[in-house]
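Results of the structural survey
The lines below spell out each chain.
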Number of protein chains: 4
Amino acid sequence: MTRENKKNLPLMPVPDELAVTVLGPAKINSPLLICGDDGTAETLCLDSFIDDESRVLVDIGPLGWEAIRQGQTPDSFEEAGARRRIYFDPSKVRAAILTAGGLCPGINDVIRSLVMTLHYRYGVNNIQGVKYGYQGLSPEYGHELVPLTAESVSNIHEFGGTILGSSRGGQSTEDMVDSLERLNLNILFCIGGDGTLKGAHAIALEAAARGLKLGVVGVPKTIDNDISLVSRSFGFETAVSIASEVIRSAHTEAKGAPNGVGLVKLMGRDSGFIAATAALSQSEANYVLIPEIDFDLEGPGGLLDHMEKRLSSRGHAVIVVAEGAGQKFFAGADEKRDASGNILHQDIGAFLAGVIRARFKARKLELNLKYIDPSYIIRSAPANASDRVYCGSLGQRAAHAAMAGKTDLLIGLCNDHFVHVPIAQVIRERKKVEPAGVLWNSVLEVTGQPSLTNRSGLPGA
Amino acid sequence: MTRENKKNLPLMPVPDELAVTVLGPAKINSPLLICGDDGTAETLCLDSFIDDESRVLVDIGPLGWEAIRQGQTPDSFEEAGARRRIYFDPSKVRAAILTAGGLCPGINDVIRSLVMTLHYRYGVNNIQGVKYGYQGLSPEYGHELVPLTAESVSNIHEFGGTILGSSRGGQSTEDMVDSLERLNLNILFCIGGDGTLKGAHAIALEAAARGLKLGVVGVPKTIDNDISLVSRSFGFETAVSIASEVIRSAHTEAKGAPNGVGLVKLMGRDSGFIAATAALSQSEANYVLIPEIDFDLEGPGGLLDHMEKRLSSRGHAVIVVAEGAGQKFFAGADEKRDASGNILHQDIGAFLAGVIRARFKARKLELNLKYIDPSYIIRSAPANASDRVYCGSLGQRAAHAAMAGKTDLLIGLCNDHFVHVPIAQVIRERKKVEPAGVLWNSVLEVTGQPSLTNRSGLPGA
Amino acid sequence: MTRENKKNLPLMPVPDELAVTVLGPAKINSPLLICGDDGTAETLCLDSFIDDESRVLVDIGPLGWEAIRQGQTPDSFEEAGARRRIYFDPSKVRAAILTAGGLCPGINDVIRSLVMTLHYRYGVNNIQGVKYGYQGLSPEYGHELVPLTAESVSNIHEFGGTILGSSRGGQSTEDMVDSLERLNLNILFCIGGDGTLKGAHAIALEAAARGLKLGVVGVPKTIDNDISLVSRSFGFETAVSIASEVIRSAHTEAKGAPNGVGLVKLMGRDSGFIAATAALSQSEANYVLIPEIDFDLEGPGGLLDHMEKRLSSRGHAVIVVAEGAGQKFFAGADEKRDASGNILHQDIGAFLAGVIRARFKARKLELNLKYIDPSYIIRSAPANASDRVYCGSLGQRAAHAAMAGKTDLLIGLCNDHFVHVPIAQVIRERKKVEPAGVLWNSVLEVTGQPSLTNRSGLPGA
Amino acid sequence: MTRENKKNLPLMPVPDELAVTVLGPAKINSPLLICGDDGTAETLCLDSFIDDESRVLVDIGPLGWEAIRQGQTPDSFEEAGARRRIYFDPSKVRAAILTAGGLCPGINDVIRSLVMTLHYRYGVNNIQGVKYGYQGLSPEYGHELVPLTAESVSNIHEFGGTILGSSRGGQSTEDMVDSLERLNLNILFCIGGDGTLKGAHAIALEAAARGLKLGVVGVPKTIDNDISLVSRSFGFETAVSIASEVIRSAHTEAKGAPNGVGLVKLMGRDSGFIAATAALSQSEANYVLIPEIDFDLEGPGGLLDHMEKRLSSRGHAVIVVAEGAGQKFFAGADEKRDASGNILHQDIGAFLAGVIRARFKARKLELNLKYIDPSYIIRSAPANASDRVYCGSLGQRAAHAAMAGKTDLLIGLCNDHFVHVPIAQVIRERKKVEPAGVLWNSVLEVTGQPSLTNRSGLPGA
């Protein structure tokens, strides 16, 4: 976490695809004064700037070591942080912030940090909020920009959601870049997930093609924590913390009735990080079902048989299912997509509840199944303290990157260091829970859950 | 966070002082069955064992890269995790767990995870709790061992504190090793801070000298997050989260009265991590005073003048002070130490309150100062979800290390990877907030606080 | 709340139907020693016994005053509390506790208080828990009694749900009284709602018919707060507190998207107390729909038109609907009942979500509706501090009533005084939100919601 | 809680000292339209007005019944609520709100409810906030009034404290009434405790003497719940809820060390309601010390001997002490008063900690005492849901009373009904915990604490 001032750093080789795009050379000195909240402070910037030469290795184990030793170019990211020399003249910056996609704890914290850093650290006074995501850059919706000031954002972190509103789905890149030109904006911060970042990348390319000096900086938002190359997405810890309490509720309900079953559906369209991590934090879950791990319902190895045995011996069971799990059961059903282009999954929670009820009814066994879907309660929560600190760091670093003239990148966290990640690298694929990895293995240890499939053989064997 | 199965890893060079001590070669296969909570599950161990060759680089920036390239032996730690081959026969393990030092959120979670992993993963059935820290290993106190089972620990994570009790201060190493021999214990887990780890190291050395096959594994506990080589200590996030709310209280009190001042004393004997991080999470703090950063009270650059100006312009102020800050003001006072050997600091919070009150009284200015010391409220809290997950991981890995016959080490977190750290490396020095580092710089940005000293010149210049 | 020792109270007339049944004259002195937690305390009972003559007036306004003045017999309840003389010899008491119906915050607190009071105050050592409600008194289920001790219940208030398990539906009264006879139980505490209390009344009558000296004391449990003659049911405040946070979530979601609608379904089968009170505590609700108040969907006065107008002017809306509201829309659908005999309502929440979505789709208007059903999260929560105190009081008084030989009654709260209410009085009808009353009027003031019907004329006019 | 429309109520006799003062006859019809939040609603006022004849009996037991029967004038209060006819023309109202004394959860909720009710229910558009209590009415401080609107107060209930600021101590009544005249205010709401209410009474008398038509309505604020004739003061439940968690912290600390003692000082200058109620909600307290109950430290019956015995048998102890307890130990020390005129108590918490430490040191016994003073954390908390509802009700009724031309009164709660209480009745004496009452008796039952005095004889005997 801590870092010294690194002078005369050696020049590490930079893999082409991990090189950061810049709008031009940074020729302006970063401000050395931080103005206090009351205008009276004469706070001095510390000599803690980050050099562009400071990079962070991606593979930090023996394979990485061997690659370096053999003279190969190892993957590395540019370290994020304030630069001694910046590209934009703060007095001429006209920055905009937009938030898109589903809600997630901490969005307001990122907005607040962006505004505070631009204002107090750099003296930027022209910061605009874009309403309802990319809709706000599309003239047809007629949303006005919302001026953002240090005062207007000072309390917003106390509230969940986003003060700017959000929307799903993209708009015409040309229209949006037209708007950005017309509004004379030179920095655009995009807080959003996969779809939003694709949009940001398209805007950055289009702006470059037009010769616009527009900085586009992303702050990745996905409550599912499934952004590749980003070890922790903001809001994830808050989400796990609430999900954990909901699993406790399900356990209480399950124990409170004969043959009680608590069934909790958690977020996780393509990856089961929330379900798996929440199960670790609240060790009452007996079955964790996630998109990455196949499972059967029927048959001797399937969930239903195992659960029936468990109920007869223990009297209750808790199932945690990620929304994207078990989609094979819906094969043949029509595929739908939401406005962001995400495949809309069939409701595995309701489906499971129905299947389990039918099974116990057929067997004439008492069943008390309680189904809980806490998604919107989780998504709309304010960030907890850890996410507040994290969001603050992301916002600061995004502001620093933009002021330094860097573009088409997002702020990531790699091996516990904040880094600059070219957006194009991130949107290629989603991060997944690895079936043979430590996280899933811990879940198996904590739940004692078997393979839940009718296939023979050991997983990983 | 995730990791693949690493086969045929290259042999990285191991720095002597970071090599892990082992009791002997691991010749027993690790169990492949995980028994479910209900005894019915036939869960299979996944092929996700960690090889001893898997090591984690410490310096992962350009300097580290350059060192490797030049053929130097870089600092690295052995990665923690389950081993395919273990040293102890589970049926013959007689493990003990002890907790020492001040309370900290998550101790019970670590105890629970140790017991659950030893029991469900390895089938160990003989696990004892040592009462009241090292007192429990000293015959003169007469504390009995407490048998720990999966059932007896199943709910303990819902409660703060430690079910085993704790104490400060060491006992005779000889007496303790005598007890361990007499009790026929072959694994000892020590959950504690600097003093506790020193004791564990001494026990490991004495046991080795006696030729005892005793595994000693530490789980570092310090609410201050000041253990060197460990990037995050358990309980720290919970502590920050509560501290953050207390700062909000102080802010509310400060704004609720004319010339209101909220003064919060937080933990941090030698390092200001809690104070600094809590100030970042709750941006209402105006002054953050920590042990690592000098400050003056009197004089034109001192706290009192600045605060008086702030009160006259803004009407309120919030001060966050770490308990070890400003000890220069007590020079000449008698030095006291607690039973653990820690220097007992003078109460900087009460001292500051007195100085500020006197100043305003002398100036005949109204002052409404509210002093809050939430230390015991924070220390005794149950772990939040994030710390629960973290404590679970620490406990699992400590159990794996012990079963593999590793000793005289603790479980650390380095560049976001769990690692084995020889205890001797850790107890040499404490981790500090770096004055020119990113954390402190962020605090300055968020608070707008000036240097608060009468020295001329820029910090870091 | 406070009360003096009332000596020589005048003999108020007792309305026949409000007279309490007793098993026989109370001839034993209540113990004067309270044993401390550690067995060492010699605490003395205070002279604060309640006399049977102490009664509480029901109508305490001018009509009540006029009735008394004219010599009529006013409604009044016997005050609850410890009696100087008791009926049962503590050493011979064999008490049982059962919990039935849906979960509700505070059940464990009542169990704990009953056990603690019986044990520490009276020295009763034989207390049994009945598993899974009335199932546990029916031999066919084979549930064993669970011995309850001061130690075994000491921490249960930290957990939601009921340690005894619950079930819905009654069992044969004869079978249950047979069991009670066979088990030699002489006091039965029934914690449950309407159905449970009916069962308790039937048991009391059957026991009396058989000449058994069996005391049956109820503690009314209904999260809906709809027990007539009981001004506050335990768990209600906790429920409102969580519901309040969920309404805030719905508001955040609603504001976070264009034409956002947050729809929250709360408990309230026949009465809307939770919905109405939660709406008061969290003033973001725009529409509150409860069983007691008719509303239309279509037409110029209906919900849909009004909401469409609101969305076009304000951009978002929050709807809170009690589960029993709007049942007229399901007329013709088959009526179902749960095992307790309660009418199973059609899901008004899902129905409303569908109708609103269809309406906006038909109008080609964007709509972002988020539907939240937090019922099980609320039901399974641990009691908050206020409910803990209240549950403690209920349990103490229920134990006092039973020891004094009173039977076929429950502990109620009337005009802020704890009282003895004959069960037969309570199960006649449910408490409702009065359309012209203060509570509903406050909801209208806070939400600004119109009549939402197409009928002409003013309500109440 | 609910109430019907009471027509043709009989005329109950009104005790002189409980009669409410009015500015003049109410001749204006109350508005029948409630404007919705969005200006579009056509909400109709319900026919749920309260008649002035509606009064609430104070003694509702046999003694009250006997008194009525014998034709005596029983104590009764006028019921609070909206009147069909009001005194003030809403378009001419110029209302002010002030908050004084220490912080308490819920102040902002009361402010918000006053503003919302005046604005939405009555159409009042001129509402001013007075800064820093009575200082804001004294010209010498130069505080400006703060205009309050529905929009500016819409979120303030999310924050603790008071947006208006507060101060202790009175100002010259003449000066303040001069200000009120000059500012042309005709309604003044005073939210505060004993001292504040005395000030409000003086203002009401002075205004009457000057012939001003100034309505003065109080909302009693005392976190201690010690206002006589008011059964529950706002913020009290929130305070108990936080205090309860702090007692749990103290218990965790006490159990975490050999001879651990957790000592918690709670608010309660003259009465021990918070300490007693919190101890009931969190049954871990072993000793509860309050101002109303004498106790000794030394001697065979004193606290120290009993505690030493308890520690040797149980190993830990939890003491809850109200700030005003044990003042006899400071006899002879100088008496100090705060700016409100309250006697400033010596710090009983620090005193007890010192005495206990000295005792154990003298006996050479290990002692681990942790002292927690959570006062400001409690005072500054936002109101919980129950207090939010309660504060909303108080604010509504205060607004109704003022609009109806009633003055020199406050809103109280009597036998669970909201009532109008003449201020003069309230400020005569403080409410106390009765030594022989139900509350204290419950505390003794729950803690098992003995008399802790060296006096012989039974209390209450």
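Remember, it's a predicted structure, so these values are computed and weren't measured experimentally.

**What to know about the pattern of salt bridges**
As enumerated under the stated definition, the model contains 104 salt bridges over all chains in all. Close ionic contact of A:Glu253 with A:Lys370 constitutes a salt bridge, the shortest N to O distance being 2.9 Å. With a gap of 117 residues between them, A:Glu253 in helix 5 (residues 236-255) and A:Lys370 in strand 18 (residues 368-372) connect regions that are remote in the sequence. Of the two residues examined, A:Glu253 and A:Lys370, each falls in the buried class. Its salt-bridge partner being B:Arg232, residue B:Asp387 comes within 3.2 Å of it at the nearest N-O pair. Of the two residues, B:Asp387 is situated in helix 10 (residues 385-403) and B:Arg232 in the loop between strand 12 (215-220) and helix 5 (236-255); the sequence distance between them amounts to 155 residues. By the burial criterion, B:Asp387 is buried, and B:Arg232 matches it.

**Quick look at the packing of helix 3 (residues 173-182) of chain C against helix 4 (residues 194-209) of chain C**
Helices that pack against each other are described as a pair by the angle of their axes relative to one another and the distance between those axes. All names here are of chain C. Where helix 3 contacts helix 4, the two axes come as close as 10 Å, and the packing angle between them is 65°. Crossing of helix 3 over helix 4 shows right-handed handedness. Packed against helix 3, whose contacting residues are Thr-173, Glu-174, Met-176, Val-177 and Leu-180, the element helix 4 presents Ala-202, Ile-203, Glu-206 and Ala-207 at the interface. Looking at the contact of helix 3 with helix 4 residue by residue, the class counts come to 6 nonpolar, 1 polar and 2 charged.

**Regarding the sheet that holds strand 18 (residues 368-372) of chain C**
All names here are of chain C. Read across the sheet, 4 strands follow the order 14-15-13-18 without closing on themselves; strand pairing throughout is parallel. At either margin of the open sheet sits one strand with a lone partner, and together these are strand 14 (287-289) and strand 18. Going from strand to strand, the sheet's axes swing by 15° on average, the running direction of each strand aside. In this structure, strand 14 lies alongside strand 15 (residues 316-322), joined through 3 bridges in parallel fashion. Bridging from a neighbouring strand, Val-288 pairs with Val-320 of strand 15. Against the sheet, helix 5 (residues 236-255) touches strand 13 (260-266), strand 15 and strand 18, its axis set at about 150° to strand 15. This element, helix 7 (residues 303-314), spans strand 13, strand 14 and strand 15 of the sheet and lies at about 145° to strand 15.

**Structural notes on a negative patch on the surface**
Together, A:Asp16, A:Glu17, A:Asp59 and A:Asp75 make up a negatively charged patch on the protein surface. Overall, A:Asp59 belongs to the partly exposed group, its relative accessible area being 38%.

**Quick look at the pairing of strand 15 (residues 316-322) of chain D**
Residues and elements named next belong to chain D. Among the 7 residues that make up strand 15, 7 are buried, leaving the element largely enclosed by the rest of the structure. Of the two faces of strand 15, the one lined by His-316, Val-318, Val-320 and Ala-322 and the one lined by Ala-317, Ile-319 and Val-321 are each fully buried. For strand 13 (residues 260-266) and strand 15, the ladder comprises 7 bridges, and the chain directions are parallel. By the bridge assignment, Leu-266 is partnered in strand 15 with Ala-322. In this fold, strand 14 (residues 287-289) hands off to helix 7 (residues 303-314), which returns the chain to strand 15; that crossover is right-handed.

**Things to note about the packing of helix 5 of chain A against helix 10 of chain B**
Remark: helix 5 of chain A packs on helix 10 of chain B, axes separated minimally by 8 Å, with the N-to-C direction vectors making an angle of 85°. Regarding the angle of helix 5 of chain A to helix 10 of chain B, the classification is roughly perpendicular. The segment helix 5 of chain A lies against helix 10 of chain B, with A:Glu237, A:Val240, A:Ser241, A:Ser244 and A:Arg248 engaging B:Ala385, B:Ser386 and B:Arg388. Residues that form the contact of helix 5 of chain A with helix 10 of chain B fall into these classes: 2 nonpolar, 3 polar and 3 charged.

**Section: the sheet that holds strand 9 (residues 127-129) of chain A**
Residue and element names in this part refer to chain A. Strands sit in the order 5-6-21-20-12-11-8-9-10 across an open sheet of 9 strands; the sheet is mixed. Sheet topology places strand 5 (55-57) and strand 10 (146-147) at the edges, where each strand pairs with a single neighbour. Sheet analysis places strand 6 (residues 76-79) next to strand 21 (residues 417-422), joined by 2 bridges and oriented antiparallel. Pairing of Glu-78 across the sheet is with His-420, part of strand 21.

**As for helix 4 (residues 194-209) of chain B**
Residues and elements named next belong to chain B. The terminal C-alpha atoms of helix 4, which comprises 16 residues, lie 23 Å apart, in line with the 22 Å expected from a rise of 1.5 Å per residue. Residues of helix 4 that are buried include every one of Asp-194, Thr-196, Leu-197, Gly-199, Ala-200, His-201, Ile-203, Ala-204 and Ala-207, and no others. Following helix 4 by one or two positions, Gly-211 adopts a phi angle in the positive range, close to 75°.

**With respect to the confidence of the model for chain A**
Residues and elements named next belong to chain A. Across chain A, the average pLDDT comes to 90, with 91% of residues at or above 70. Across residues 35-45 the pLDDT falls below 50, and counting only partners more than four positions away or on other chains, this stretch makes 33 contacts in the model. Under the prediction, the complex receives an ipTM of 0.92, its pTM being 0.93.

**Quick word on the side chain of A:Ser179**
Residue and element names in this part refer to chain A. With respect to the helices and strands, the residue Ser-179 is situated in helix 3 (residues 173-182). What makes Ser-179 buried here is its relative accessible area of 1%. Apart from residues no more than four positions distant in its own chain, Ser-179 is found in contact with Leu-137 and Pro-139.

How each quantity is defined
Residues numbered from 1 in each chain as written. Chains lettered and ligands numbered in written order. Predicted model: local features only at pLDDT ≥ 70, side-chain atom pairs only at ≥ 80, totals over all residues. Heavy atoms only, no water. Salt bridge = Lys/Arg side-chain N within 4 Å of Asp/Glu carboxyl O. Helix = DSSP H or I, 4+ residues; strand = E, 2+ residues; numbered from the N terminus. Buried < 20%, exposed > 50% of the residue type's maximum accessible area, 1.4 Å probe, protein only. Axes fitted to C-alpha atoms, helices over the stretch in contact; angles between N-to-C directions. Left-handed = near helix turned anticlockwise from the far one by under 90°. Contact = heavy atoms within 4.5 Å. Nonpolar A, V, L, I, M, F, W, Y, C, P; charged D, E, K, R; others polar. Pairing = 2+ DSSP bridges. Patch = residues over 30% accessible without salt bridge, like charges linked within 9 Å, V, L, I, M, F, W, Y side chains within 5 Å. Areas by Shrake-Rupley, 256 points an atom, 1.4 Å probe, with all protein chains shown as cover. Lys, Arg positive; Asp, Glu negative; His and termini not counted. Charge placed at Lys NZ, Arg CZ, Asp CG, Glu CD. Right-handed = clockwise from strand over helix to strand, strands pointing away. Parallel < 35°, antiparallel > 145°, perpendicular 65-115°, else oblique. Expected span 1.5 Å × (residues − 1). pLDDT = per-residue confidence, 0-100.

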